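What the coordinates show
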Amino acid sequence: MYKQWGNGDMESEQWRHGIITAIFKKVVQIYIYNLWTENLDQGGKVDIVYIHFAKAFNKVPRRRLIGKLEPNGVVGRVGAWIQAFLSGRVQKVTVNGHSSSWTNVTSGIPQGSVLGPLLLFFYINDMPNYVSSEMSLFADDTKLYRDVSTYRDYAQLQDDLEQLPFDKVPRRRLIGKLEPNGVVGRVGAWIQAFLFGRVQKVTGNGHSSSWTNVTSGIPQGSVLGPLLLFFDINDMPNYVSSEMSLFADDTKFYRDVSTYRDYAQLQDDLEQLREWSLT
């Protein structure tokens with residue numbers, strides 16, 4: 001698999017660097033910096049957004065990663081073997097001779113493994129499909145950049161940043177929660193139509209960006225907005241054993257703690273909520 005994915009084409013429209021070696025990282029940096037300085041030498045401008053995925057190896061949702069194996073050609077026995085490698089993992093925390101109970105690991109890629117970097121590469125490799133600007137990927141560090149000469153270029157870069165799947169209510173997940181909350185039939189179909197097919201543009205100083213599709217989020221200012229957000233977050237308590245208080249986008253979860261295991265369980269609950277947010 002490394003042989004298949006290790007042949008980078010620097011002239012491709014979206015060169016995806018993945019994770020190879022420290023030497024290759026230097027090659028990536030030189031290549032990207034050369035592109036930027038060429039533009040500057042010609043009197044142009046480049047806007048760059050540096051993106052870092054905090055604790056990337058720990059937060060990758062397993063189901064989403066497994067769903068990306070087949071599109072990357074990982075099928076058959078190899079695909080089944082990798083799914084087995086990712087599933088059924090457990091962990092516990094030991095401090096000063098005291099241990100928490102074993103708990104399921106439902107997200108993340110095993111660090112220190114040979115497969116780990118390749119699996120992270122599979123997970124992030126489709127990010128350039130979400131944007132029209134150029135993108136350089138290397139492990140958990142990503143650069144999104146664009147030559148800018150007009151206001152529309154600035155607006156398009158902002159649009160591209162919004163297209164990346166960061167901290168938004170996924171439409172498909174929300175729609176999947178309508179039926180369990182009793183929203184079916186014509187009302188359910190009407191809400192789906194309300195959510196889909198929406199477009200937006202950015203206007204500033206009399207200049208406007210092009211229209212772009214809105215693929216996530218809940219329309220703010222609408223009567224339905226608060227109710228739809230409630231549908232999205234209403235199942236959060238099912239993921240934790242601690243107590244939880246929900247109010248719009250403010251959430252508190254808490255636990256009476258008297259032993260080390262209580263502290264560990266609170267941390268486990270936090271990890272479960274992170275997994276919930278990524279599904």
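Whatever comes next refers back to the structure up there.
What comes next is a walk through the structure. Residue indices begin from 1 for each chain and proceed along its sequence in written order. Note on the predicted model: pLDDT of at least 70 is required for a residue's local features to be given, and 80 or more for side-chain atom pairs to be given and counted; whole-chain, interface and lining totals, by contrast, use all residues. Calculation of side-chain values draws on the structure's entire complement of heavy atoms; hydrogens and water are dropped beforehand.

With that settled, the discussion passes to the overall build of the chain. Strands are runs of DSSP state E lasting at least 2 residues, helices are runs of H or I lasting at least 4, and numbering of each runs from the N terminus. The helix and strand inventory of the chain stands at 11 helices and 13 strands. Relative to its 279 residues, the chain shows a buried fraction of 37%. Sequence separation of 24 or more characterises 61% of the internal contacts of the chain that already satisfy a separation of 6 or more. With the model as given, the accessible surface of the chain reaches about 17,100 Å², and the carbon-plus-sulfur share is 53%. Working definition: with a 1.4 Å probe on protein chains only, accessible area under 20% of the residue-type maximum means buried, over 50% means exposed, and in between means partly exposed. Only heavy atoms matter for contacts: two residues are in contact if any of them lie within 4.5 Å across the pair. A 1.4 Å probe and the Shrake-Rupley method give the accessible areas. Residues count as covered only by the protein chains that appear here.

Time to look at a nonpolar patch on the surface. Taken together, the side chains of Y33, I48 and Y50 present a nonpolar region at the surface, about 300 Å² in accessible area. Looking at the secondary structure, you find Y50 in strand β1 (residues 46-52). In this structure Y50 comes out as exposed when scored by relative accessible area, which is 53%. In this analysis, a patch consists of residues with relative accessible area above 30% that form no salt bridge, clustered at 9 Å for like charges and at 5 Å for the nonpolar side chains Val, Leu, Ile, Met, Phe, Trp and Tyr. When a carboxyl oxygen of Asp or Glu lies within 4 Å of a side-chain nitrogen of Lys or Arg, that pair is called a salt bridge.

Counted according to the given criterion, the structure contains 5 salt bridges. Between D232 and K177 there is a salt bridge; the shortest N-O distance is 3.7 Å. Placement of D232 in helix α10 (residues 225-233) and of K177 in the loop between α8 (171-176) and α9 (185-195) is noted, with a sequence separation of 55 residues between them. For K177, a relative accessible area of 11% puts it in the buried group.

Our next topic: the environment of K45. Mapping K45 onto the fold places it in the loop between α2 (22-41) and β1. Residue K45 is classed as exposed on the basis of its relative accessible area, which comes to 51%. With 101 residues separating them in the primary sequence, K45 and R146 have C-alpha atoms 8.5 Å apart.

Strand order in the open sheet formed by 3 strands is β1-β7-β6, and the pairing between neighbours is antiparallel. The outermost strands of the open sheet, each flanked by one partner alone, are β1 and β6 (134-138). Mean inter-strand twist for the sheet, computed between neighbouring axes without regard to direction, equals 15°. In short, DSSP must find at least two bridges between two strands for them to pair. Relative to strand β7 (residues 141-147), β1 runs antiparallel, the two being bridged by 7 bridges. Opposite H52, over in β7, you have D141 as the bridge partner. The axes used here are C-alpha line fits, helices contributing only the stretch in contact, and every angle between their N-to-C directions lies in the interval 0 to 180 degrees.

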